[in-house]
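So the chains spell out like this:
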There are 2 protein chains.
Amino acid sequence: MAVAGKYQELAAAMARLVETELAPGDQFPTVPELAERFGVHRNTASRAVQHLKEQGLLSGKGGGKTWVRVPPAPTVRRNTRYQEEKDLVLRPEAERRSCGVAEWESGISLTTVYEDTARHDVVDAPDWVAEILEIEPGAKVLRRTRTRRHRKGAGASCSVSYLPYELASRNPELFDESRDPWPGGTMHQLHTLGIEVDRIEDHVTASMPTDEEVAEQDIPPGVPVLRDLKITYATSGRAVEVAALPFPADRAKLVFVTPLERWS
Amino acid sequence: MAVAGKYQELAAAMARLVETELAPGDQFPTVPELAERFGVHRNTASRAVQHLKEQGLLSGKGGGKTWVRVPPAPTVRRNTRYQEEKDLVLRPEAERRSCGVAEWESGISLTTVYEDTARHDVVDAPDWVAEILEIEPGAKVLRRTRTRRHRKGAGASCSVSYLPYELASRNPELFDESRDPWPGGTMHQLHTLGIEVDRIEDHVTASMPTDEEVAEQDIPPGVPVLRDLKITYATSGRAVEVAALPFPADRAKLVFVTPLERWS
DNA sequence: GAGTGGTCTAGACCACTGT
DNA sequence: CAGTGGTCTAGACCACTCC
């Protein structure tokens with residue numbers, strides 16, 4: 001059993017303090033106060049506070065005050081939605097518009113969305129994208145970046161998707177940022193290109209947020225990011241879209257249902 | 001753009017050093033050497049090394065030397081295997097035995113497995129298990145804990161599964177630890193209880209390893225853990241098994257294929 | 001027992017926040 | 001501008017590993 005450093009025990013004591021005396025949103029004692037209260041040096045107290053921030057229990061930027069973190073509303077994303085989205089494609093636009101596909105795609109309730117911006121570019125395909133889409137490395141692709149910011153430091157998300165330019169160019173409307181979010185979602189967009197979707201593959205991994213993600217979004221450092229690489233295949237067998245979807249793991253859950261054939 | 005601390009720039013410089021001058025498995029310079037080389041204090045160099053250990057680039061315990069980490073062999077776990085496993089249930093035992101279900105379940109190649117131990121207990125159901133299995137909180141369940149250790153500090157894994165005691169008790173062989181791993185896997189075990197599996201749900205999240213997991217397994221601190229809560233449903237609609245499967249995220253990828261109905 | 005990584009105290013400095 | 005969190009240097013001590 002490794003002997004825990006003093007700051008780790010301190011952090012545990014502070015965590016108990018949070019549970020017993022404080023409520024989410026409360027201001028946390030300052031570092032000097034904590035140092036005196038626990039009889040340690042200011043540095044040690046500061047380290048313990050950092051540790052708890054990394055664990056997602058406290059929040060606050062350097063220079064500002066420290067707060068007991070308000071745990072984010074948990075969100076769920078289910079793969080059963082794929083079939084529902086496909087069924088929706090053949091329905092009239094009014095119905096498509098009311099079904100919140102974009103909301104589901106980001107895994108975030110629209111009621112908490114503060115700002116939603118889309119950016120569309122035509123760029124050279126990164127190697128990993130070219131490999132999946134089976135196009136030549138550096139071939140043109142339509143890259144669509146969607147950023148969502150939320151109220152009250154509840155986080156943000158930034159997803160990127162790639163379509164082969166050669167496919168997307170059949171429908172110029174897809175390049176228009178102002179048409180985003182598209183009623184009916186990506187599945188309907190592909191339909192306008194004459195593409196029927198055969199299956200979706202979700203490749204799920206996790207990793208720590210990059211320094212960029214920590215800085216630009218409100219992901220607490222120390223909270224991992226679930227990364228879903230979503231690949232859409234057409235009935236022709238070809239991969240027609242790749243999307244990289246990051247979900248801060250302290251609020252997201254991905255649910256995949258795999259139905260099995262009956263023996264009968 | 002937040003100004004990076006000196007130790008972060010230092011860590012970046014060291015990372016470049018790893019990429020250019022060193023190979024995986026090489027010994028990394030000691031902290032005093034690094035301090036002199038980069039003209040900083042020993043403490044700062046030590047912190048940068050810690051940072052890189054948390055990123056998984058370096059490895060080594062306190063007191064021992066530091067090494068350039070050998071990246072673990074990536075493993076993939078696909079939900080398409082569920083159907084294959086179900087098909088296997090009706091095949092003869094010899095065939096079942098040769099198909100490496102247990103290997104797939106852990107997401108780890110058997111060639112790297114060093115030790116494999118199983119422990120079976122009858123315990124009171126934890127609340128979250130009782131809720132999923134729709135049994136009374138505290139009702140008896142068969143808990144099966146499987147631990148795999150690997151060579152060369154490549155990590156370990158520890159999965160837990162729960163079956164309602166009332167179901168499992170129909171087949172006493174399920175309580176026998178020496179019969180693990182069971183040829184054909186859980187799906188065949190359920191078959192011996194007269195249960196046909198209707199569908200599997202995988203609930204995927206991620207979080208940091210607990211202090212226990214870091215200590216007892218060889219997960220580098222800072223590497224997140226993909227957590228798959230796998231729920232098996234019988235054709236009766238009832239949840240018959242819950243399993244908690246942790247995958248160190250620096251080597252695991254979960255792939256979920258969702259086939260969609262054709263319009264035709 | 002020498003060397004190593006890790007941590008604590010101490011004092012100083014900096015950037016940023018809030019008022 | 002005062003207060004706050006964060007970091008660097010400095011020196012010391014400890015537990016552990018390796019020989």
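Structure shown above.
What this report covers is the structure whose coordinates are included nearby. Since we're looking at a predicted model, the values are computed, not measured. (Residues numbered from 1 in each chain as written. Chains lettered and ligands numbered in written order. Predicted model: local features only at pLDDT ≥ 70, side-chain atom pairs only at ≥ 80, totals over all residues. Heavy atoms only, no water.)

Bringing the overall build of chain A into the picture now. The helix and strand tally for chain A stands at ten helices and ten strands. Counting over 264 residues, chain A shows a buried share of 48%. Contacts in chain A between residues at least 24 apart in sequence constitute 59% of all its contacts with a sequence separation of at least 6. Accessible surface, chain A as shown: approximately 13400 Å² in total, 50% of it carbon and sulfur. (Helix = DSSP H or I, 4+ residues; strand = E, 2+ residues; numbered from the N terminus. Buried < 20%, exposed > 50% of the residue type's maximum accessible area, 1.4 Å probe, protein only. Contact = heavy atoms within 4.5 Å. Areas by Shrake-Rupley, 256 points an atom, 1.4 Å probe, with all protein chains shown as cover.)

Our next topic: the protein's contact with DNA strand C. With respect to spatial proximity, 23 residues lie near DNA strand C, and among them A:Lys6, A:Tyr7, A:Thr44, B:Val31 and B:Arg42 are the closest. Counting only the atoms of DNA strand C within 4 Å of the protein, the fraction contributed by sugar and phosphate is 64%. Elements with a contribution of two residues or more to the surface near DNA strand C: helix H1 (6–21) and helix H3 (42–54) of chain A together with helix H2 (31–38) and helix H3 (42–54) of chain B. Of all the elements, H3(B) adds the most residues to the surface near DNA strand C, at five residues. Each residue belonging to the surface near DNA strand C can be placed in one class, and the counts come to four nonpolar, 15 polar and four charged. (Near = heavy atom within 4 Å. Nonpolar A, V, L, I, M, F, W, Y, C, P; charged D, E, K, R; others polar.)

Taken as rigid bodies, chain A and chain B are interconverted by a rotation of 180° and an axial shift of 0.1 Å, the fit giving an RMSD of 0.1 Å. Taken together, the rotation angle and the small translation identify this as a two-fold axis. Within chain A, the C-alpha atom positioned nearest to the axis of rotation is that of A:Pro224, 2.9 Å from it. (Least-squares fit on C-alpha atoms with pLDDT ≥ 70 in both.)

Before going further, it helps to spend a moment on the interface of chain A and chain B. Contacts between the two partners involve 40 residues from chain A and, on the opposite side, 40 residues from chain B. Area buried by chain A at its contact with chain B is led by A:Thr258, A:Leu260 and A:Trp263, which between them contribute 20% of it. Viewed at the interface, chain B and chain A are joined by two salt bridges. Residues A:Asp198 and B:Arg262 are paired through a salt bridge, measuring 3.0 Å at the closest nitrogen-oxygen approach. At the boundary of chain A and chain B, one finds 20 residue pairs in polar contact (both at pLDDT 80 or more). Those elements that provide at least two residues to the side of chain A that touches chain B are H3, helix H4 (80–89), helix H9 (185–192), strand E7 (197–207) and strand E10 (252–259) of chain A. Considering each element in turn, the side of chain A that touches chain B owes the most residues, eleven residues, to E7(A). For the side of chain A that touches chain B, a count of residues per class yields 20 nonpolar, ten polar and ten charged. Sheet topology places E7(A) next to strand E10 (residues 252–259) of chain B; six bridges connect them, and they run antiparallel. Looking across to E10(B), one finds that A:Ile200 is bridged to B:Thr258. (Buried area = accessible area lost by both parts, 1.4 Å probe. Salt bridge = Lys/Arg side-chain N within 4 Å of Asp/Glu carboxyl O. Polar contact = N/O pair within 3.5 Å; in protein donor to acceptor, adjacent residues only side chain to side chain. Pairing = 2+ DSSP bridges.)

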